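# Report on the structure
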Amino acid sequence: MDKPTQFVGVYTVSGCVHARVCIYIVSMRVDSRVQQAGTGTGAMDTQQKVTILREGFLVKRGHLVHNWKARWFVLTPDKLIYYKYEGGKRDSCQRGKIMLKDCVITCPFLEYDNRPLVFRVQTKTCVDHFLEACSREERDEWAGDIAAAADKLEAGADTGGDGSPSVSPSTPAGSQPHNINLSKVLEAMYDVHSGINMSNHVEQGRMYTNCFSGSAVVDWLVFMQQALTRAESVTLASALLEEGFLRTIGLRSVEALRTAGLSELFIDDSTALYSFSDSLKKRGCVKAETTLSAVELSGHVIKRGYLLKQGHRRENWKIRLFVLRSEPSFIHYYDPTKDDISPVGGFPLRGSLVSSLEDNGVPSGVKGNIQGNLFKIITQSDTHYFIQAPTNREKMEWIDAIREHT
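A brief report on the enclosed structure follows. For clarity, every value in this text was computed on a predicted model and none was experimentally measured.

### Remarks on the packing of helix α2 (residues 182-190) against helix α4 (residues 230-242)
Contact pair α2 / α4: the axes reach a minimum separation of 11 Å and the direction vectors enclose 95°. By the angle between their directions, the pair α2 and α4 is classed as roughly perpendicular. Counted together, Leu182, Val185 and Met189 of α2 and Leu236, Ala239 and Leu240 of α4 form the full contact between these two elements. For the contact of α2 with α4, a count of residues per class yields 6 nonpolar, no polar and no charged.

Here's what the structure looks like:
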């Protein structure tokens, strides 16, 4: 896997305020490939060859009715196309497209309190598209790939098509923030309206209230332009921690603080928890969640992703965000169209069986016109879950991960 890289760029949109794109690409981009339209998972409704840079599920906010719907997105060199899944199978006709030329990407985009994994794509005509990924890594990879495609379009127009991405020279990699008033940063971070969102987190069976993760702090600092890159944000957060403006919460951040070097006091990690200093006036508390067992949600997150699940009552197919945790081993699934951060269901993996289902024909118990890539989980209480993955590779990855924790 490639080393983490930083991508910083400035895009100019006619008629819009200039915006800075600041994206941290966590892992290697998906290799581009050419597929024959009408075949494979990237099938189109035309008969021409289309270069697919990336594809997968994202949750999109509607334009007229501002609800959230899961859609299958396909990234090509000049546009982002999305499709609808109906009855367990993807429609052949596209539902819309987002042109990438002269677009502006804002990542992260933190205007939605219960949706920290949203990024925004603003087109040349100043139309905003809000898209949510299943994890921070997925969010940053999608945003990075879209920004790279847009940058190649711009470079091709300016230089005759060499396609080399442009990086803003004003922000060299690894640059450190200078002349920053930490008290002003803390004041903005603590603001009840635009400050960082405090919530409840569970670590090893214990509930911590009114805190936030290290990744959430870095996201906020980048989004509010307190820092230009994630590396600068970590340095700034380390300074806040060293000055006593922030404090560690839970074992992960405490251990990191004890063993890290001076420049690595703070870690950009979703499992490391922090809070404001006890000396600060309480901003307003978040009530503890009591509807779910804290033990169930206390395990380490092993895997996250969008999968299709067949319902037990109506037996229809719905896109759900699945989260696999260990110690204890549980699977929970969430409705990505809802703002509720609580899972809609889940089950322990101890004593469960997981198996792949063949795609030739419809297996017993499976309803609807399915896409394929099926697998089944049978819990210790003999409840059967039929699940579809977007691709065969993802199906096998989920099966292997589940088997390790049964």
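### Some thoughts on α4
Helix length check: α4, at 13 residues, gives a terminal C-alpha distance of 18 Å against a target of 18 Å (1.5 Å per residue), a fit within 8%. Arg230, Glu232, Ser233, Val234, Leu236, Ala237, Ser238, Leu240 and Leu241 are the residues of α4 that are buried. Note on α4: the residue one or two positions beyond its end, Gly244, has a positive phi of about 85°.

### A few points about the environment of Ser279
Among the structural elements, Ser279 can be located in the loop between β17 (273-276) and β18 (300-310). Ser279 sits 34 residues away from Phe245 along the chain, and the two C-alpha atoms are 8.8 Å apart.

### Some thoughts on the nonpolar core
Core analysis: the largest hydrophobic core is formed by 28 residues, its most contacted members being Phe57, Tyr306, Trp317 and Ile319. Looking at this core, the elements with two or more residues in it are β4 (49-52), β5 (54-61), β6 (68-75), β7 (79-83), β18 and β19 (317-326). Ignoring any residue separated from it by four or fewer positions in sequence, one finds Tyr306 in contact with Phe57, Leu58, Val59, Glu132, Ala133, Cys134, Ile319, Arg320, Leu321, Pro336 and Pro390. Val185, Phe212, Phe266 and Ile267 belong to the second-largest nonpolar core, a separate cluster that totals 26 residues.

### Topic: the pairing of β7
With respect to burial, β7 is a largely interior element, 5 of its 5 residues being buried. Here β7 shows a buried face lined by Lys79, Ile81 and Tyr83 and a second buried face lined by Leu80 and Tyr82. Pairing of β6 with β7, which is carried by 4 bridges, proceeds in the antiparallel orientation. Along β7, the bridge assignment pairs Leu75 with Leu80. Between β6 and β7, which pair antiparallel and follow one another directly, the connecting turn spans 3 residues. Bridging between β7 and strand β10 (residues 96-99) involves 4 bridges; their strand directions are antiparallel. The residue of β10 that forms the bridge with Lys79 is Met99.

### A few points about the layout of surface pockets
The computed volume of the second largest pocket comes to approximately 500 Å³. Lining the second largest pocket we find 20 residues, and of these Lys69, Tyr85, Lys318, Ile319 and Thr337 sit closest to its centre. Of all the secondary-structure elements, those providing two or more residues to the lining of the second largest pocket are β6, β8 (85-86) and β19. For the lining of the second largest pocket, the per-class residue count stands at 7 nonpolar, 5 polar and 8 charged.

### Re the sheet that holds strand β16 (residues 246-249)
Strands sit in the order β14-β15-β17-β16 across an open sheet of 4 strands; the sheet is antiparallel. Strands with a single pairing partner mark the edges of an open sheet, and in this sheet they are β14 (199-203) and β16. Each strand of the sheet is rotated relative to its neighbour by a mean of 55°, with strand direction disregarded. Of the strand pairs in this sheet, β14 and strand β15 (residues 206-213) are connected by 4 bridges, and their pairing is antiparallel. Residue pairing across strands places Val202 opposite Met207, the latter belonging to β15. Against the sheet, helix α3 (residues 214-223) engages β15 and β17, with an angle of about 20° to β15.

### Side note on the environment of Ser194
Mapped onto the elements of the fold, Ser194 is located in the loop between α2 and β14. Setting aside anything within four residues of it in sequence, one finds Ser194 in contact with Ala188, Trp220 and Met224.

### Points about a positive patch on the surface
Taken together, the side chains of Lys69, Arg314, Lys318 and Lys338 make up a positively charged region of the molecular surface. Mapped onto the elements of the fold, Lys69 is located in strand β6.

### Here's the deal with the packing of aromatic side chains
Following the criterion strictly, the structure yields 16 aromatic pairs and no others. Note on Phe322 and Trp398: the rings are 6.4 Å apart at their centroids and 75° apart in plane angle, and the pair reads as edge-to-face. In this pair, Phe322 is assigned in strand β19 and Trp398 in helix α6 (residues 392-403), connecting sequence segments 76 residues apart. Trp398 carries the same exposure label as Phe322, and that label is buried.

Calculation criteria
Residues numbered from 1 in each chain as written. Predicted model: local features only at pLDDT ≥ 70, side-chain atom pairs only at ≥ 80, totals over all residues. Heavy atoms only, no water. Axes fitted to C-alpha atoms, helices over the stretch in contact; angles between N-to-C directions. Helix = DSSP H or I, 4+ residues; strand = E, 2+ residues; numbered from the N terminus. Parallel < 35°, antiparallel > 145°, perpendicular 65-115°, else oblique. Contact = heavy atoms within 4.5 Å. Nonpolar A, V, L, I, M, F, W, Y, C, P; charged D, E, K, R; others polar. Expected span 1.5 Å × (residues − 1). Buried < 20%, exposed > 50% of the residue type's maximum accessible area, 1.4 Å probe, protein only. Core = buried A, V, L, I, M, F, W, Y, C linked by side-chain atoms within 4.5 Å. Pairing = 2+ DSSP bridges. 1 Å grid on protein atoms, 1.4 Å probe; cavity = no way out; pocket = protein on both sides within 12 Å on 5 of 7 lines; lining within 4 Å. Points joined across faces, edges and corners; volume = space filled by probe spheres on them. Patch = residues over 30% accessible without salt bridge, like charges linked within 9 Å, V, L, I, M, F, W, Y side chains within 5 Å. Areas by Shrake-Rupley, 256 points an atom, 1.4 Å probe, with all protein chains shown as cover. Salt bridge = Lys/Arg side-chain N within 4 Å of Asp/Glu carboxyl O. Lys, Arg positive; Asp, Glu negative; His and termini not counted. Charge placed at Lys NZ, Arg CZ, Asp CG, Glu CD. Phe/Tyr/Trp six-rings, centres within 6.5 Å; stacked < 30°, edge-to-face > 60°.

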